[in-house]
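An overview of the molecular structure
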Amino acid sequence: MLDGYFKNCLYFSANRLSRIMTKMAEESFAPIGLSPTYAFLIMAALEEPGLTQKRLSEKLHIAPSTCTRFVDKLEVKHLVERKQEGKMVYIHPTSKAEDLLPEIKKCWKQLYERYCDLLGKEMADQLSKDLHNAGEILE
C-alpha cells in the first residue's frame, strides 16, 4: 500500500531524485575538489562578473545567507573575490576561477553523459525541462 503513495507523491519522488542526482554530481566533481553548487556559483560569476550577492542567490535559487557562506568558502580558495562599493558588494571571479572553467565544464559534461546513458538522452532532456518548468510554476 505504501508503494503506491511513494510512486504517486511528487514530494517523495523529487527528493529521491535529488539525492540520487546529488550523489552522481558530487562524484563527477570530486576530481576538482568542488561541489556542483560551488561550480555553478563560479560559472555565474564568470558569466556576469561583478554581480551582487543578492543577484547570485537569485540565480542559484538559494537563500542569501547560504550564498554568503558559499562565497566565503570560494573566497578562501581564491576563486572569487568581493569588491565593495558603498553598501553594495560585488562578486568577481579570479583568474584561478577562469583557469578552472574547462575542468568545470568537463565535470558537467561527464555528469550529463552519465545520466543520459542511464535515462536516455531524450528522457534526460525532457525531464530537465519538465522539472525546471514545474519549479517555475510552484515557486
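Quantities reported herein were computed from a predicted structural model and do not represent experimental measurements. (Residues numbered from 1 in each chain as written. Predicted model: local features only at pLDDT ≥ 70, side-chain atom pairs only at ≥ 80, totals over all residues. Heavy atoms only, no water.)

As a further point, take the pattern of salt bridges. By the definition in use, this model includes 10 salt bridges. Aspartate 72 is the salt-bridge partner of arginine 82, the closest N and O atoms lying 2.6 Å from each other. Linking arginine 82 in strand 2 (residues 80-85) with aspartate 72 in helix 5 (residues 64-76), this pair joins segments that are 10 residues apart in sequence. Using a relative accessible area of 34% as the deciding quantity, one classes aspartate 72 as partly exposed. Across the pair glutamate 113 and lysine 109 runs a salt bridge, and its minimum N-O distance is 3.6 Å. A residue pair is termed a helical-turn pair when its members lie 3 or 4 positions apart in one helix, as glutamate 113 and lysine 109 do in helix 6 (residues 95-119) at 4 residues. A single salt-bridge network, built from bridges that share partners, covers Glu47, Glu48, Arg55 and Lys59. (Salt bridge = Lys/Arg side-chain N within 4 Å of Asp/Glu carboxyl O. Helix = DSSP H or I, 4+ residues; strand = E, 2+ residues; numbered from the N terminus. Buried < 20%, exposed > 50% of the residue type's maximum accessible area, 1.4 Å probe, protein only.)

A word on the side chain of histidine 92. Along the chain, histidine 92 falls in strand 3 (residues 88-93). Of note is the side chain of histidine 92, whose polar atom sits 3.5 Å from the backbone nitrogen of glycine 50. When neighbours within four sequence positions are excluded, histidine 92 is seen to be in contact with Pro49, Gly50, Leu79, Val80, Glu81 and Lys83. (Polar contact = N/O pair within 3.5 Å; in protein donor to acceptor, adjacent residues only side chain to side chain. Contact = heavy atoms within 4.5 Å.)

Just distances and angles here, no functional claims.
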